[in-house]
Structures are given as C-alpha cells and as structure tokens.
Amino acid sequence: RAIGMKPRITFPDEIEFGFCPVKSPMRKVLLLQNVGTASAEFVMRSLNKCFTVTGEEMSMESGSSLMVEVFFTPPTAEPMEGEFEIEFLKGPVCYIAVSGTGKNVQVSLSTPSVSLEPSYISLASQSIVRVKNNSEIPIHFRWKSFSKESEEAVEKSRLLLELERMEDIERGSL
C-alpha cells in the first residue's frame with residue numbers, strides 16, 4: 001500500500017479574541033499555508049454562531065498561502081468558547097478552538113429619565129437626551145418599546161395575527 005501526495009495546512013491550535021465589546025464584531029486574520037505536496041480543498045465552518053468565518057469553501061495549491069478572516073461578535077458580556085471545523089474534501093476533519101469574552105462599553109445617557117409635558121394635537125412637547133460614548137468603539141443604538149427581545153417578538157406576533165385577521169375580514173366583505 002502506498003501513500004500519495006498530501007496537503008498540509010498550517011492552522012493555529014486555538015484563536016483567542018480576548019475582550020470584545022458586546023454586539024460589535026472583532027476581526028482576526030489568519031495566515032494559512034499549504035506546506036504539503038498536493039492542493040487542498042476544505043470547508044471551514046463555525047460550530048458556535050458567535051464566531052464566523054468569511055467564505056466557508058476554500059482551496060489552496062501546494063506551497064501557497066491564504067488569508068482568512070474570522071470574526072467574534074459576542075451577544076452578551078460573558079466568556080464564549082467554540083470551535084471552527086475544517087473538513088477536507090479528501091481527508092480528515094480538524095478543529096480549531098476559539099474563545100473570547102464579551103465586554104460592555106461605557107455608554108450612558110445625559111439624563112437618567114425624561115418626563116414630557118402633556119401634549120395634544122395643536123401642542124407639541126420635546127426634550128433633549130444625549131448619548132455619551134466614553135469608549136473608542138463606535139456604537140449603534142436604537143430606541144425600543146420593549147426591554148427584552150422576547151417581549152418584542154411576542155408583541156410583533158400579536159400584531160401580525162391582528163393584521164391577518166383584519167385582512168380576512170376585508171376579503172370577506174368583498
């Protein structure tokens with residue numbers, strides 16, 4: 001029995017992202033090299049949705065290098081662990097351990113609460129609130145009616161059902 005030419009890719013054993021702001025992607029670039037004697041075709045995918053990779057299907061000729069971007073986007077301020085699975089078209093499956101910790105950044109409002117004066121159709125009321133970002137990371141925010149995503153999803157479902165009910169009533173009257 002003979003063994004033919006094989007690819008050998010230099011993957012790191014683990015990737016450590018360190019601290020990363022919550023819901024803000026952090027990028028690391030891996031330099032992969034094929035030091036084997038054959039071309040390699042493989043699929044690299046994350047087993048944890050907090051960690052992602054650009055382009056899952058990859059191929060490398062013998063002696064070539066490839067830069068791969070991997071991202072960590074922590075959903076909460078806590079440590080996360082996962083793995084990247086590398087599955088060769090003809091060969092073994094390998095794993096890269098990956099970890100990182102989500103961290104809240106210093107963002108605050110200029111006032112803790114806002115009370116608006118009573119208003120009606122011909123009377124407007126307004127107030128100014130400033131968002132203070134005391135970190136170096138750009139932030140994206142939006143005002144929401146609900147404090148939790150689950151509450152928002154329940155209300156959205158309720159409104160969609162109500163809308164469908166109203167459409168059914170309108171169709172019935174035509």
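Residues numbered from 1 in each chain as written. Predicted model: local features only at pLDDT ≥ 70, side-chain atom pairs only at ≥ 80, totals over all residues. Heavy atoms only, no water.

A.B. asks: What is the right way to look at the layout of surface pockets in this model?
C.D. replies: To locate leftover empty space, one rolls a probe as large as a water molecule over the atoms. Estimates place the volume of the largest pocket at around 890 Å³. Along the wall of the largest pocket there are 24 residues; nearest its centre are K23, I139, H140, F141 and R142. Put simply, the parts of the chain that give the lining of the largest pocket at least two residues each are strand 9 (107–109) and helix 1 (149–173). Ranked by residues supplied to the lining of the largest pocket, first place goes to strand 9 with 3 residues. Approximately 340 Å³ is the volume found for the second largest pocket. Lining the second largest pocket are 15 residues; nearest its centre among them are P7, S39, A40, F88 and K90. (1 Å grid on protein atoms, 1.4 Å probe; cavity = no way out; pocket = protein on both sides within 12 Å on 5 of 7 lines; lining within 4 Å. Points joined across faces, edges and corners; volume = space filled by probe spheres on them. Helix = DSSP H or I, 4+ residues; strand = E, 2+ residues; numbered from the N terminus.)

A.B. asks: Is there a simple way to think about a nonpolar patch on the surface in this case?
C.D. replies: Nonpolar side chains collect at one region of the surface, where V107, L109, V131, F141 and W143 lie side by side and expose about 500 Å² of accessible area between them. Residue classification places V131 among the partly exposed residues on the basis of a relative accessible area of 31%. (Patch = residues over 30% accessible without salt bridge, like charges linked within 9 Å, V, L, I, M, F, W, Y side chains within 5 Å. Areas by Shrake-Rupley, 256 points an atom, 1.4 Å probe, with all protein chains shown as cover. Salt bridge = Lys/Arg side-chain N within 4 Å of Asp/Glu carboxyl O. Buried < 20%, exposed > 50% of the residue type's maximum accessible area, 1.4 Å probe, protein only.)

A.B. asks: Would you explain the nonpolar core in this entry?
C.D. replies: A general trend in soluble globular proteins is that nonpolar side chains are found buried together. F42, M44 and F84 are the most contacted members of the largest nonpolar core, which totals 24 residues. Only strand 1 (14–21), strand 2 (26–33), strand 3 (40–46), strand 4 (51–53), strand 5 (57–60), strand 6 (65–72), strand 7 (79–88) and strand 8 (93–103) provide two or more residues apiece to this core. Looking at which element gives the most residues to this core, the answer is strand 7, with 4 residues. Among all residues touching M44, those that are not within four sequence positions of it are L30, V53, E56, M58, V68, V70, F84, E85, I86 and I96. (Core = buried A, V, L, I, M, F, W, Y, C linked by side-chain atoms within 4.5 Å. Contact = heavy atoms within 4.5 Å.)

A.B. asks: Would you take a moment to explain the sheet that holds strand 5 for this structure?
C.D. replies: Hydrogen bonds between backbone atoms are what pair the strands of a sheet, whose relative direction is either parallel or antiparallel. Strand order in the open sheet formed by 5 strands is 1-8-7-3-5, and the pairing between neighbours is mixed. Of all the strands in the sheet, the pair left with one neighbour each is strand 1 and strand 5. The average angle at which neighbouring strand axes cross in this sheet is 25°, direction not considered. (Pairing = 2+ DSSP bridges. Axes fitted to C-alpha atoms, helices over the stretch in contact; angles between N-to-C directions.)

A.B. asks: Would you take a moment to explain the sheet that holds strand 2 for this structure?
C.D. replies: Pairing in this open sheet of 3 strands is antiparallel, and the strands run 2-6-4 from one edge to the other. The open sheet terminates on both sides in strands that have one partner only, identified here as strand 2 and strand 4. The sheet shows a mean angle of 25° between the axes of neighbouring strands, direction not considered.

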